[in-house]
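Here are the chains, one letter per residue:
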Amino acid sequence: VDSSSSRRGVHRPCSVMLLVNPHSGKGQALSLFTGHVQRMLNEAGVPHTLVITERQNHARELVREADLSQWGALVIMSGDGLLFEVVNGLMEREDWEEAIQTPLGILPGGSGNALAASIHHYSGAQPVSSEELLVSCGFLLCKGLVSRMDLASVHLGSSPSNPTRLFSFLSLAWGFVADVDVESEKVYKGRLAYLPVDEREPMSANATLPGPPDSLLVPLDQPVPSDWVVVPEEDFVLMLAMYQSHLAKDLYAAPDSTLDDGLIHLIYIRAGISRTALLRLFLAMEKGTHLANNCPHLVYTRVRALRLEPYSPKGVITVDGEVVEYGPVQAQVHGGIARLITR
């Protein structure tokens, strides 16, 4: 869907629920809000109610139960973790299809501000400092234009009979990027497979889970369909699946990604890369030039779905920067199902 034609305004004068995590951004999120954003919202005539989250998953529970007809938008002032909670709380509702169309806004107030950096980038603006990024996102919020945003459905499958499903707006990562306690020479063993963009044979999906059916996926304990590509190598340094441009404010990981292109941008680095070459790639990623480096160990491809089966007994997998259960995982993109306040 062309995002320009799908943009619409936030219904005014509906109130905005503004969720703030007081512990994010080294405990400065609340003072950043009162110091920068509150006056902008007041001057723009945007009525808002401040909700301070008290614990992990507080926001998830809140939006799962909230009467959404009262709110014109849900705005998150924190890092990416709080938006992850809100998206999943909305998708766990019985009325998920309507609920996920509630416009979402993001104000960077945490350590991981990847989505805020991506939105700023999509608007055509130059990279800025953290405080300027907050003001930029505040202006976008006051204008209140809404675009469609892709989400990915992620299945975690250590128990095939009872898989966990999460919804992700940013990334799925394994290996070097996810593992904080990383040894630079570490190799992660596993099998990676994906459905290329030009292949698309939807199947009848298991509709027992709430949320949209995953018509491109088969259960994790079954082999991948025949039109999938199985990567021949099984030794990796990292795997990164992205659906936005930025993995962090200064990591421009998927330069071709847009908010609602209906694609997963898959990057993996095969084992054998030198430490120097790996460092060079991460430095290039700050400017988004890593894909043009012609590094023989790096592979980039655009896919609709993927599956990763780690063989290494220990490791770290993250979804939107949040550590999840380690084990087999698969994902499928759902194009444009969420709404995000953007340029």
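Residues numbered from 1 in each chain as written. Predicted model: local features only at pLDDT ≥ 70, side-chain atom pairs only at ≥ 80, totals over all residues. Heavy atoms only, no water.

Participant: Before we move on, can you summarise the pattern of salt bridges with the specific residues and values?
Facilitator: Two side chains bearing opposite charge may form a pair once their charged atoms approach each other closely. With the rule as written, the count across this model stands at nine salt bridges. The partner of Arg165 in a salt bridge is Asp214, and the shortest N-O contact between them spans 2.7 Å. Linking Arg165 in strand E7 (residues 164-168) with Asp214 in the loop between strand E9 (188-196) and strand E10 (229-230), this pair joins segments that are 49 residues apart in sequence. With respect to class, Arg165 is no different from Asp214; both count as buried. Ionic pairing is found between Glu233 and Arg270, a salt bridge with its closest N-O pair at 3.5 Å. (Salt bridge = Lys/Arg side-chain N within 4 Å of Asp/Glu carboxyl O. Helix = DSSP H or I, 4+ residues; strand = E, 2+ residues; numbered from the N terminus. Buried < 20%, exposed > 50% of the residue type's maximum accessible area, 1.4 Å probe, protein only.)

Participant: Any details on helix H3 (residues 29-43)? Residues and values, ideally.
Facilitator: Here H3 spans 20 Å end to end across 15 residues, near enough to the 21 Å set by a 1.5 Å rise per residue. Those residues of H3 that sit buried are Ala29, Leu32, Phe33, Val37, Met40 and Leu41. (Expected span 1.5 Å × (residues − 1).)

Participant: Can you tell me about the environment of Pro255, naming the residues and giving the values?
Facilitator: Summarising the element assignment, Pro255 is placed in the loop between strand E11 (235-242) and strand E12 (264-270). With a relative accessible area of 21%, Pro255 lands in the partly exposed category. For the pair formed by Pro255 and His290, sequence separation is 35 residues and the distance between their alpha carbons is 9.4 Å. Setting aside anything within four residues of it in sequence, one finds Pro255 in contact with Gly288, His290 and Leu291. (Contact = heavy atoms within 4.5 Å.)

Participant: Explain the packing of H3 against helix H8 (residues 130-143) to me, using residue names and the numbers behind them.
Facilitator: The N-to-C vectors of H3 and H8 enclose an angle of 30°; their axes lie 9 Å apart at closest approach. Relative to H8, the element H3 is oriented roughly parallel. Taken as a pair, H3 and H8 cross one another with a handedness that is right-handed. When H3 is examined against H8, the residues Leu32, His36, Val37, Met40 and Leu41 are found in contact with a partner set consisting of Glu131, Leu134, Val135, Gly138, Phe139, Leu141 and Cys142. Along the lines of polarity and charge, the residues of the contact of H3 with H8 split into nine nonpolar, two polar and one charged. (Axes fitted to C-alpha atoms, helices over the stretch in contact; angles between N-to-C directions. Parallel < 35°, antiparallel > 145°, perpendicular 65-115°, else oblique. Left-handed = near helix turned anticlockwise from the far one by under 90°. Nonpolar A, V, L, I, M, F, W, Y, C, P; charged D, E, K, R; others polar.)

Participant: Now, about the pairing of E7: what can you tell me, with residues and values included?
Facilitator: Burial of E7 is extensive: four of the five residues sit out of reach of the surface. Bridging between strand E6 (residues 145-156) and E7 involves five bridges; their strand directions are antiparallel. Looking at E7, one finds that Ser153 is bridged to Phe167. (Pairing = 2+ DSSP bridges.)

Participant: Before we move on, can you summarise the environment of Glu61 with the specific residues and values?
Facilitator: Tracing the backbone through its elements, the reader meets Glu61 in helix H4 (residues 58-65). With 28 residues separating them in the primary sequence, Glu61 and Gly89 have C-alpha atoms 6.2 Å apart.

Participant: Give me the lowdown on the pairing of strand E5 (residues 104-108), citing residues and values where you can.
Facilitator: Most of E5 is tucked away, with five of its five residues classed as buried. Across five bridges, the pairing between strand E4 (residues 71-78) and E5 is parallel. Within E5, the residue paired with Leu74 across the bridge is Leu104.

Participant: I'd like a rundown of the packing of aromatic side chains, residues and numbers included.
Facilitator: When we look at a pair of aromatic rings, we describe it by the centre distance and by the angle of the planes. Per the counting criterion, the structure on display carries three aromatic pairs. A centroid spacing of 5.9 Å and a plane angle of 65° characterise the contact between Trp174 and Tyr188, whose relative ring orientation is edge-to-face. Taken together, the residues span a long stretch of sequence, with Trp174 in strand E8 (residues 171-175) and Tyr188 in strand E9 at a distance of 14 residues. Exposure class is identical for Trp174 and Tyr188. Each is buried. When the centroid spacing of 5.8 Å and the interplanar angle of 65° are considered together, the rings of Trp174 and Phe236 count as edge-to-face. Of the two residues, Trp174 sits in strand E8 while Phe236 sits in strand E11, which places them 62 residues apart along the sequence. (Phe/Tyr/Trp six-rings, centres within 6.5 Å; stacked < 30°, edge-to-face > 60°.)

Participant: Give a description of the side chain of Ser312 that names residues and reports values.
Facilitator: Note on placement: Ser312 falls in the loop between strand E13 (298-310) and strand E14 (317-319). If we ignore the near neighbours within four places in the chain, the residues touching Ser312 are Val187, Tyr188, Lys189 and Tyr326.

Participant: Any details on helix H9 (residues 275-285)? Residues and values, ideally.
Facilitator: Taken as a whole, H9 has its buried residues at Ala277, Leu278, Leu281, Phe282, Ala284 and Met285. Along the axis of H9, the buried positions cluster into a sector of 160°, meaning they face one direction only. For H9, the exposed residues lying more than 90 degrees away from the buried face are Arg275, Thr276 and Leu279. In the core, the buried residues of H9 are packed alongside E11, E12 and E13. (Arc of directions from axis to C-beta.)

Participant: So, the packing of helix H7 (residues 114-122) against H8: which residues are in play, and what are the values?
Facilitator: Between H7 and H8, whose axes approach to 10 Å, the crossing angle comes to 65°. Viewed along their axes, H7 and H8 adopt a mutual orientation that is roughly perpendicular. Note on packing geometry: the crossing formed by H7 with H8 is left-handed. In contact with Ala116, Ala117, Ile119 and His120 of H7, H8 contributes Leu133, Ser136, Cys137 and Leu140. Partitioning the contact of H7 with H8 into residue classes produces six nonpolar, two polar and no charged.

Any functional reading would require information that these geometric values do not contain.
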